[in-house]
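If you want the building blocks of each chain, they are given just below.
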Amino acid sequence: MSVERTFVAIKPDGVQRGLIGEILIRFEQKGFKLIGLKQITASRELAEKHYGVHRDRPFFSGLVDFITSGPVVAMVWEGDGVIASARKLIGATKPLEAEPGTIRGDLAINIGRNVIHGSDGVDTAAFEIGLWFQEAELNDWIPSDQSWRVEG
Ligand code: DAT
Ligand code: MG
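A brief report on the enclosed structure follows. Numbering of residues starts from 1 in each chain and follows the order in which that chain's sequence is written. The naming scheme follows written order: chains are lettered A onward, ligands numbered 1 onward. Totals for whole chains, interfaces and linings use all residues, but because this is a predicted model, local features are given only for residues with pLDDT of at least 70 and pairs of side-chain atoms are given and counted only at 80 or more. The basis for every side-chain value is the complete set of non-hydrogen atoms in the structure, without hydrogens or water.

So, on to the side chain of K38. Summarising the element assignment, K38 is placed in strand β2 (residues 33-40). At 2.6 Å, the side chain of K38 and the backbone oxygen of W132 are in polar contact. For the purposes of this entry, the term helix denotes a DSSP run of H or I that reaches at least four residues, the term strand denotes a run of E that reaches at least two, and both are numbered from the N terminus. In the analysis that follows, any N or O atom pair within 3.5 Å is treated as a polar contact, provided that within protein one partner can donate a hydrogen and the other can accept it, and provided that, for residues neighboring in sequence, both atoms belong to side chains.

Before going further, it helps to spend a moment on the site of ligand 1. Neighbouring ligand 1 are K11, Y51, H54, F59, L63, R87, T93, R104, I111 and N114. Here K11 contributes a side-chain N or O atom positioned 3.0 Å from an oxygen atom of ligand 1. Here an oxygen atom of ligand 1 and a side-chain polar atom of R87 are 2.8 Å apart. Here the accessible surface of atoms and residues is derived via Shrake-Rupley with a 1.4 Å probe, and residues count as covered only by protein chains that are part of the display. Relative to its unbound accessible area of 520 Å², ligand 1 is 75% covered by the protein chains. Among the cavities detected, the one that contains ligand 1 is the largest pocket. Looking at the shell around ligand 1 residue by residue, the class counts come to 4 nonpolar, 3 polar and 3 charged. A cutoff of 4 Å decides nearness: a residue is near a molecule or strand if any of its heavy atoms lies inside that distance of it. For cavity detection a 1 Å grid was placed over the protein atoms alone, and a set of points counts as a cavity when a 1.4 Å probe fits there but cannot get out; an open set counts as a pocket when protein lies on both sides within 12 Å along at least five of seven lines, with lining residues being those that have an atom within 4 Å of a point. Those molecules having more than half of their atoms within 2 Å of a cavity or pocket grid point set are described as sitting in that cavity or pocket. When residue character is reported, Ala, Val, Leu, Ile, Met, Phe, Trp, Tyr, Cys and Pro are called nonpolar, Asp, Glu, Lys and Arg charged, and the others, Gly included, polar.

Quick look at the pattern of salt bridges now. Put simply, a salt bridge is a Lys or Arg side-chain nitrogen that is within 4 Å of an Asp or Glu carboxyl oxygen. Counted by the stated rule, this structure contains 10 salt bridges. Between R5 and E78 there is a salt bridge, with its nearest N and O atoms 2.8 Å apart. Within this pair, whereas R5 is found in strand β1 (residues 3-10), its partner E78 is found in strand β3 (residues 72-80), the two being separated by 73 residues in sequence. With a relative accessible area of 13%, E78 lands in the buried category. The closest approach of N and O atoms between D140 and R5, which form a salt bridge, is 2.8 Å. One end of the pair, D140, is in the segment after α7 (122-132); the other, R5, is in strand β1, and 135 residues separate them in sequence. When salt bridges with common partners are traced through the structure, they connect R5, K33, E78 and D140 into a single cluster. Remark: exposure states derive from per-residue accessible area (1.4 Å probe, protein chains only) relative to the maximum for the residue type, with buried under 20%, exposed over 50%, and partly exposed in between.

With that out of the way, let us pick up the nonpolar core. Here the nonpolar core consists of buried residues drawn from Ala, Val, Leu, Ile, Met, Phe, Trp, Tyr and Cys, with membership extended through side-chain atoms lying within 4.5 Å. Among the nonpolar cores identified, the biggest contains 21 residues, and V8, I23, F27, W77, I103, V115 and I116 are the most heavily contacted of them. Looking at this core, the elements that each hand over two or more residues are β1, α2 (20-30), β3, α5 (82-90) and α6 (103-107). Counting residues in each nonpolar core, the second largest holds 12 residues, with F7, V72, A74 and L138 among its members.

In short, the description is geometric, and any link to function would need to be established separately.
Right under this line is the structure:
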């Protein structure tokens, strides 16, 4: 696997329900490296760009209403294969199909309130990181225990 970066966001329902710590700890304990973190209330313009691929879907305007309804916690995580791994930690889009042990499987019921977003590929990760973060908000750093997380 190669070292990648992915964009993850705790949606307004996750923030309102007090799940920020519960979600952060899963990525932290997995061993991924936190590169960027901020709380931000998205503008409609930002939300419409973020969910642009769904523009023609019937749920699009409701989705934009929801995602702009309050603060989200936006993050960039780095690590080997983090894009696919984060999607596994997050679980299936429909929470009732998400396995127990995943974030959505453990913490969500409704597809329209599924707590968290994660990029679904290399191109979307790059696009979403650039959309939500300025370069200066991203931190390159070496955790002091890095040698214990990766093969030597
Ligand atoms: P994911 O968030 O797992 O990448 P997606 O990209 O297909 O899923 O959809 C983006 C979000 O849109 C999803 O997290 C919740 C919402 N959504 C998707 N399909 C929906 C539907 N049929 N009805 C209502 N909301 C939906
Ligand atoms: Mg998606």
